[in-house]
Amino acid sequence: MKMDSRLILALDETDVPKALHVLDEVCGIIDAVKINWPLILSAGPEIITTLSQKADVICDFKIADIPNTDRLIIEQSVKRGASGVIVHAFTGTDSLKECVSAAGGRDVFVVTEMSHPGGQEFTAKHAEEFAAMAAECGASGLIAPATRPERIKKIKESAPGLLILSPGVGAQGGSASNAVLNGADYVIVGRSIYGSSDPKDAAQKLADEIKALRF
Ligand code: O7E
């Protein structure tokens, strides 16, 4: 995945023509598009291939199963054009190792602490362990909460070599600058872009905000 604007669009728009329009508007600005069940269930899995012709696609299926099922899901995602997948860590080392193997060199991003308030109940308690396990299993990166930027720093310390992707910017109250200043390599933004009356302008403003931090 390129590292230019450091902005990843979470395209959870279920109106398929609108989703395609939003991506066309912002694909020159973003580094990748993340898709989740809302769009897949609305558009069908062929949307992975359609979008992959316009941008790198991260399939956010938050895969969390036994190793064999994880492999089958990832193989289908890759076959359709995914350049990365997002998986849960609580399933343990064998599942995570199988995900990395099934991805065959595509990026595997592992969820640590989730960005919503409930993320503090369970995921936060194990986030550093999840991060260390992800590094040990050969994952590319971690998902850590922009809503709690101080936690990004802590989680990164547990797996210094891994990329950090941070959701929770905008609609969930987090700030792109704070996330990046605390160690996020990319921010993941959904509603603040696809729900905006001018998605291109919204994406450009976020990209400019990140660029102003001067990498
Ligand atoms: O709040 P939004 O609209 O900017 O969308 C955020 C996206 O990131 C949305 O797709 C949601 O499912 C996802 N997300 C979180 O918001 N918080 C998390 O802790 C984890 C995710 C996620 O997708 O995990 C992988 C990034």
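It should be emphasised that the depicted structure is a prediction, and the values quoted were computed from it without experimental measurement.

1. Examining the environment of Glu-129
Next, step 1: The residue Glu-129 is located in helix H6 (residues 123-136) in this model.
Next, step 2: Expressed as a C-alpha distance, the spacing of Glu-129 and Ala-89, which sit 40 residues apart in the sequence, is 9.2 Å.
Next, step 3: For Glu-129, the side chain forms a polar contact with the side chain of His-126, separated by 3.0 Å.

2. Some details on the pattern of salt bridges
Next, step 1: One pass over the structure, following the stated rule, counts 12 salt bridges.
Next, step 2: Lys-34 is the salt-bridge partner of Asp-60, the closest N and O atoms lying 2.4 Å from each other. With Asp-60 in strand S3 (residues 57-63) and Lys-34 in strand S2 (residues 32-35), the pair connects residues that are 26 residues apart, well separated along the chain. The residues Asp-60 and Lys-34 share a single accessibility class, namely buried.
Next, step 3: Salt-bridge contacts for Glu-128 lead to Arg-151; the nearest nitrogen and oxygen are separated by 2.8 Å. Of this pair, Glu-128 sits in helix H6 while Arg-151 sits in helix H7 (residues 149-158), placing them 23 residues apart in sequence.
Next, step 4: Here Glu-128 falls in the partly exposed class, since its relative accessible area comes to 26%.
Next, step 5: Each member of the salt-bridge network shares a partner with another, and the members are Glu-113, Glu-128, Arg-148 and Arg-151.

3. Re the nonpolar core
Next, step 1: One finds Leu-11 and Ile-35 to be the most contacted residues of the largest nonpolar core, which totals 61 residues.
Next, step 2: Counting residues per element, this core draws most heavily on H6, at five residues.
Next, step 3: In contact with Leu-11, other than residues within four places in its own chain, are Ala-19, Val-22, Leu-23, Val-33, Lys-34, Ile-35, Leu-39, Leu-51 and Tyr-194.

4. What to know about the layout of surface pockets
Next, step 1: A volume near 430 Å³ is recorded for the largest pocket.
Next, step 2: Lys-34, Ser-115, Pro-167, Gly-168 and Gln-172 are the residues nearest the centre of the largest pocket, which is lined by 24 residues in total.
Next, step 3: For the lining of the largest pocket, the secondary structure elements donating two or more residues are S3, strand S8 (186-189) and helix H9 (191-194).
Next, step 4: The element that contributes the greatest number of residues to the lining of the largest pocket is H9, accounting for three residues.
Next, step 5: Across the lining of the largest pocket, the residue classes break down as 11 nonpolar, seven polar and six charged.

5. As for the site of the ligand
Next, step 1: Near the ligand, the surroundings consist of 17 residues, among which Asp-12, Asp-60, Ser-115, Gln-172 and Arg-191 are the closest.
Next, step 2: At a separation of 2.6 Å, a nitrogen atom of the ligand approaches a polar side-chain atom of Ser-115.
Next, step 3: Here Gln-172 contributes a side-chain N or O atom positioned 2.8 Å from an oxygen atom of the ligand.
Next, step 4: For the ligand, the protein covers 92% of the area, taking 530 Å² as the surface of the free molecule.
Next, step 5: When each cavity is represented as a set of grid points, the ligand is found to reside in the largest pocket.
Next, step 6: The set of elements that each furnish at least two residues to the shell around the ligand consists of S3 and S8.
Next, step 7: Broken down by class, the residue content of the shell around the ligand amounts to eight nonpolar, four polar and five charged.

What counts as what
Residues numbered from 1 in each chain as written. Predicted model: local features only at pLDDT ≥ 70, side-chain atom pairs only at ≥ 80, totals over all residues. Heavy atoms only, no water. Helix = DSSP H or I, 4+ residues; strand = E, 2+ residues; numbered from the N terminus. Polar contact = N/O pair within 3.5 Å; in protein donor to acceptor, adjacent residues only side chain to side chain. Salt bridge = Lys/Arg side-chain N within 4 Å of Asp/Glu carboxyl O. Buried < 20%, exposed > 50% of the residue type's maximum accessible area, 1.4 Å probe, protein only. Core = buried A, V, L, I, M, F, W, Y, C linked by side-chain atoms within 4.5 Å. Contact = heavy atoms within 4.5 Å. 1 Å grid on protein atoms, 1.4 Å probe; cavity = no way out; pocket = protein on both sides within 12 Å on 5 of 7 lines; lining within 4 Å. Points joined across faces, edges and corners; volume = space filled by probe spheres on them. Nonpolar A, V, L, I, M, F, W, Y, C, P; charged D, E, K, R; others polar. Near = heavy atom within 4 Å. Areas by Shrake-Rupley, 256 points an atom, 1.4 Å probe, with all protein chains shown as cover. Sits in = over half its atoms within 2 Å of the grid points.

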